[in-house]
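Structural characterization, general
What follows is each chain in one-letter form.
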Amino acid sequence: MKGILDRIEDDIYAVILVEEEGVELVLPANRLPEGSRINSWFTIDAENGQLAVTLDEETSLMKKRRAEELMARLRTKKKGSRFKRN
């Protein structure tokens with residue numbers, strides 16, 4: 001499964017959105033892999049009844065680049081808009 005770190009609540013709980021399942025996974029923030037930050041992507045596996053959360057740097061980078069490209073396109077469209085704001 002893949003999931004994205006959505007937020008950290010009260011510096012205690014990490015909330016990971018699991019895309020395939022459409023659920024939130026809540027776990028202690030101190031169980032996140034080193035280098036994790038908001039919008040980091042993870043591979044999540046069940047091993048011996050435990051969840052293994054691994055930082056997926058390749059997916060994180062790919063999703064970040066895609067978001068930056070979309071924002072750049074939106075900015076370009078906005079500059080070229082024919083409508084004027086008052």
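Analysis parameters
Residues numbered from 1 in each chain as written. Predicted model: local features only at pLDDT ≥ 70, side-chain atom pairs only at ≥ 80, totals over all residues. Heavy atoms only, no water. Helix = DSSP H or I, 4+ residues; strand = E, 2+ residues; numbered from the N terminus. Rg over C-alpha atoms; globule rule 2.2 N^0.38 Å. 1 Å grid on protein atoms, 1.4 Å probe; cavity = no way out; pocket = protein on both sides within 12 Å on 5 of 7 lines; lining within 4 Å. Points joined across faces, edges and corners; volume = space filled by probe spheres on them. Nonpolar A, V, L, I, M, F, W, Y, C, P; charged D, E, K, R; others polar. Phe/Tyr/Trp six-rings, centres within 6.5 Å; stacked < 30°, edge-to-face > 60°. Lys NZ or Arg CZ within 6 Å of the ring centre and 35° of its normal. Core = buried A, V, L, I, M, F, W, Y, C linked by side-chain atoms within 4.5 Å. Buried < 20%, exposed > 50% of the residue type's maximum accessible area, 1.4 Å probe, protein only. Contact = heavy atoms within 4.5 Å.

**Considering the overall build of the protein**
When its secondary structure is counted, the protein shows one helix and five strands. Across the protein, helices and strands are ordered from the amino to the carboxyl terminus as β-β-β-β-β-α. Its C-alpha atoms give the protein a radius of gyration of 17 Å, more than 25% over the compact-globule value 12 Å for 86 residues. Seen through its principal axes, the protein has C-alpha atoms that stretch 60 × 25 × 25 Å.

**Regarding the layout of surface pockets**
Its boundaries defined by the atoms lining it, the largest pocket holds a volume of some 190 Å³. Along its surface, the largest pocket is lined by Gly35, Arg37, Ile38, Asn39, Ser40, Leu55, Glu57, Ser60, Leu61 and Lys64. With four residues, the top contributor of residues to the lining of the largest pocket is helix α1 (residues 57–79). Tallied by class, the residues present in the lining of the largest pocket amount to three nonpolar, four polar and three charged.

**Concerning the packing of aromatic side chains**
Think of a pair of aromatic rings as described by two things: how far the centres are apart, and how the planes are tilted against each other in angle. Per the stated rule, a full pass over the model turns up zero aromatic pairs. A cation over an aromatic ring shows up here: Lys63 above the ring of Trp41, its NZ or CZ 4.8 Å from the ring centre.

**Thoughts on the nonpolar core**
Soluble globular proteins tend to bury their nonpolar side chains together. With twelve residues, the main nonpolar core is built from Leu5, Ala14, Ile16, Val18, Leu25, Leu27, Ala29, Leu32, Phe42, Ile44, Val53 and Leu55. If you list the elements that add at least two residues to this core, you get β2 (13–18), β3 (23–28), β4 (41–47) and β5 (50–55). Here the element with the most residues in this core is β2; it accounts for three residues. For Ala14, the residues in contact, after removing those within four places along its chain, are Leu5, Arg7, Ile8, Leu25, Val26, Leu27, Pro28, Ala29 and Leu32.

**Section: the side chain of Ser60**
Mapped onto the elements of the fold, Ser60 is located in helix α1. Here Ser60 falls in the buried class, since its relative accessible area comes to 16%. If we skip the residues at most four places from it in the chain, Ser60 touches Asn39, Ser40 and Trp41.

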